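# Observations on the three-dimensional arrangement
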Amino acid sequence: MTSAPGPAGASVEVVDLSAAHGRIPVLHGVRLTVAPGGWLAVIGPNGSGKSTLLRSVLGFHPHEGTVRIDGVPTSGMPRRARARLLAYAPQHPVLPEGVSTSDYVLLGRTPHRPLLAAPRARDREVAAEVMDRLALLPLADRPVTQLSGGEQQRAVLARALAQQPRVLLLDEPTAALDLGHAQQVLDLLDRLRRQDGLTVLSTLHDLTLAGQYADRLTLLSEGRVAAHGTPTEVLTPTALATHYGARAQVVAGPDGPAVLPVR
Ligand SMILES: Nc1ncnc2c1ncn2[C@@H]1O[C@H](COP(=O)(O)OP(=O)(O)OP(=O)(O)O)[C@@H](O)[C@H]1O
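Keep in mind that this is a model prediction, so the values were computed, not measured.

## Concerning the overall build of the protein
Helix and strand content of the protein: nine helices and 12 strands. In summary, the protein has a C-alpha radius of gyration of 18 Å against a globular reference of 18 Å for 263 residues, a match within 12%. With respect to the three principal axes, the spread of C-alpha positions in the protein is 55 × 40 × 35 Å. Here the protein, with 263 residues, has 40% of them falling under the buried criterion.

Below you can see the structure in the form of structure tokens.
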């Protein structure tokens, strides 16, 4: 890809973010920062609030506290301006019926063109570039709802990348992917942040992959930040036992700590 994904990444600051589902508090005063071009993976057991945190940062979920992108608070930011800064690949996307994969990816260009305007040549070029990078071109004409789970996950990521955001928020981006496709997607994100400075804020359940690709981890437990730091600092057998109730060894791998479950 020569010209996509676009502008360099922006910093993310989350200060004292609290959120609830109905009357039940879920996040309690969460603080985190991601440097431009950094990759922060939010890890934590099921139900610890990772998805709610991402959706709050995006402004999709009501919350208290402050989110700043490159120092600018997102509250009150017009929706289209926010969509040019932040793109999101959800864990459970709702895909439109009767839309081809290429038209679905083109939807990512919406914040970059005038309201109701048809896609321009540049929009098609960017969409084709990201589809090429994610090996989606052979699937371009297939209805996106008829792709396999892993193909759909790549299409959702392609749509987010076609948006040419400065910050990419990914909720479990490899959950439906086989190991080869997971590595392909994570390698692509790694290249985008190293070459173009794209900032990545993701959740990741696979702790070894999280440690290999993210430069910082935030461990969320019951809606609070329980640990933050480099993968080696955060991925300790004690933390895994305390917060996941898991038995695991952590061994030094070639690209960071590897988490090995033990019986
Ligand atoms: N729509 C909802 N209505 C009510 N409660 C919700 C809703 N969505 C999430 N919750 C609750 O909020 C808490 C945090 O959920 P969230 O999905 O943010 O966690 P998570 O860390 O992303 O979990 P997982 O790892 O299982 O995806 C959980 O207790 C969950 O049951």
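There is more to say, and it comes next.
## What to know about the pairing of strand β8 (residues 199-203)
Burial within β8 is extensive, with five of its five residues counted as buried. By the alternation rule, side chains of β8 split into Thr199, Leu201 and Thr203 and Val200 and Ser202, which are all buried. The pairing of strand β3 (residues 39-43) with β8 spans four bridges and is classified as parallel. Bridge pairing in β8 places Leu40 opposite Leu201. The pairing of strand β7 (residues 167-171) with β8 spans five bridges and is classified as parallel. For Leu170, the partnering residue across the bridge sits in β8 and is Ser202. In this fold, the crossover linking β7 to β8 by way of helix α6 (residues 179-196) has right-handed handedness.

## Quick look at the UniProt feature "domain: ABC transporter" (unreviewed entry) in the protein
UniProt records the feature "domain: ABC transporter" (unreviewed entry) at residues 12-247, using the numbering of this structure. Its end C-alpha atoms 33 Å apart, residues 12-247 is made of 36% helix and 25% strand.

## With respect to the environment of Ala83
When you line up the elements, Ala83 lands in helix α2 (residues 79-85). Owing to 18 C-beta atoms within 10 Å, Ala83 belongs among the partly exposed residues under this scheme. Here the alpha-carbon distance between Ala83 and Gln163, two residues 80 residues apart in the chain, equals 7.8 Å. Excluding anything up to four places from it in sequence, Ala83 contacts Pro111 and Gln163.

## Examining the site of the ligand
The environment of the ligand is formed by His21, Gly22, Val26, Gly44, Asn46, Gly47, Ser48, Gly49, Lys50, Ser51 and Thr52. Per-element tally for the shell around the ligand: the top contributor is helix α1 (residues 50-57), with three residues. Among the residues forming the shell around the ligand, the class breakdown is one nonpolar, nine polar and one charged.

## Notes on the sheet that holds strand β4 (residues 64-69)
Read from one edge of the open sheet, four strands run β2-β1-β4-β5, paired in antiparallel fashion. Two strands close off the open sheet at either side, each with one partner strand: β2 (24-34) and β5 (72-73). Two elements, strand β1 (residues 12-21) and β4, share five bridges in a ladder whose sense is antiparallel. Bridging across to β4, Val15 finds its partner in Thr66. Its contacts with the sheet place α1 against β1, β2 and β4, and it is angled at close to 65° to β2.

## What to know about α1
Of all eight residues that make up α1, six are buried, and the element is covered over most of its length. Listing the buried residues of α1 in full gives Lys50, Thr52, Leu53, Leu54, Ser56 and Val57. Just beyond α1, the residue with positive phi is Gly59, at close to 85°.

## As for unusual backbone geometry
Leaving glycine aside, a negative phi is the common case for residues, and trans is the common case for peptide bonds. The backbone of Asp70 sits at a positive phi, close to 50°, despite the residue not being glycine. Topologically, Asp70 is positioned in the loop between β4 and β5. Its identity is not glycine, yet Glu222 carries a phi of approximately 50°, on the positive side. With respect to the helices, strands and loops of the structure, Glu222 is situated in the loop between β9 (216-221) and β10 (224-229).

## Here's the deal with the environment of Thr230
Looking at the element boundaries, Thr230 is found in the loop between β10 and α8 (231-234). Distance from Thr230 to Asp215, taken between C-alpha atoms, is 6.1 Å for residues 15 residues apart in sequence.

Cut-offs applied
For every chain, the first residue of its written sequence is number 1, and the numbers climb from 1 along that sequence. Per-residue local features of the predicted model are confined to residues with pLDDT of at least 70, and side-chain atom pairs are confined, for both listing and counting, to 80 or more; whole-chain, interface and lining totals are unaffected and use all residues. Helix and strand labels come from DSSP, where a helix needs a run of H or I of at least four residues and a strand needs a run of E of at least two; each type is numbered from the N terminus. C-alpha atoms define the radius of gyration, and 2.2 Å times the number of residues to the power 0.38 defines the globule rule. Exposed residues have 12 or fewer other C-beta atoms within 10 Å of their own C-beta, buried residues have 20 or more, and partly exposed residues fall in between, where C-beta atoms are placed from the backbone. When DSSP locates at least two bridges between a pair of strands, those strands are taken to pair. By the criterion used throughout, a crossover qualifies as right-handed when its path from the first strand across the helix to the second strand runs clockwise, the strands pointing away from the viewer. UniProt positions are given in the numbering used here, feature names are shortened, and annotations may be inferred rather than shown by experiment. Throughout, a residue-residue contact means that the two C-beta atoms, derived from backbone geometry, are no farther apart than 7 Å. Here, nearness is defined through the C-beta atom: a residue counts as near a molecule or strand if that backbone-placed atom lies within 6 Å of it. Following the grouping adopted for this structure description, the nonpolar residues are Ala, Val, Leu, Ile, Met, Phe, Trp, Tyr, Cys and Pro, the charged ones are Asp, Glu, Lys and Arg, and the polar ones are all others, Gly among them. Every angle, taken between N-to-C directions, lies between 0 and 180 degrees, and every axis is a line fitted to C-alpha atoms, over only the stretch in contact when it is a helix.

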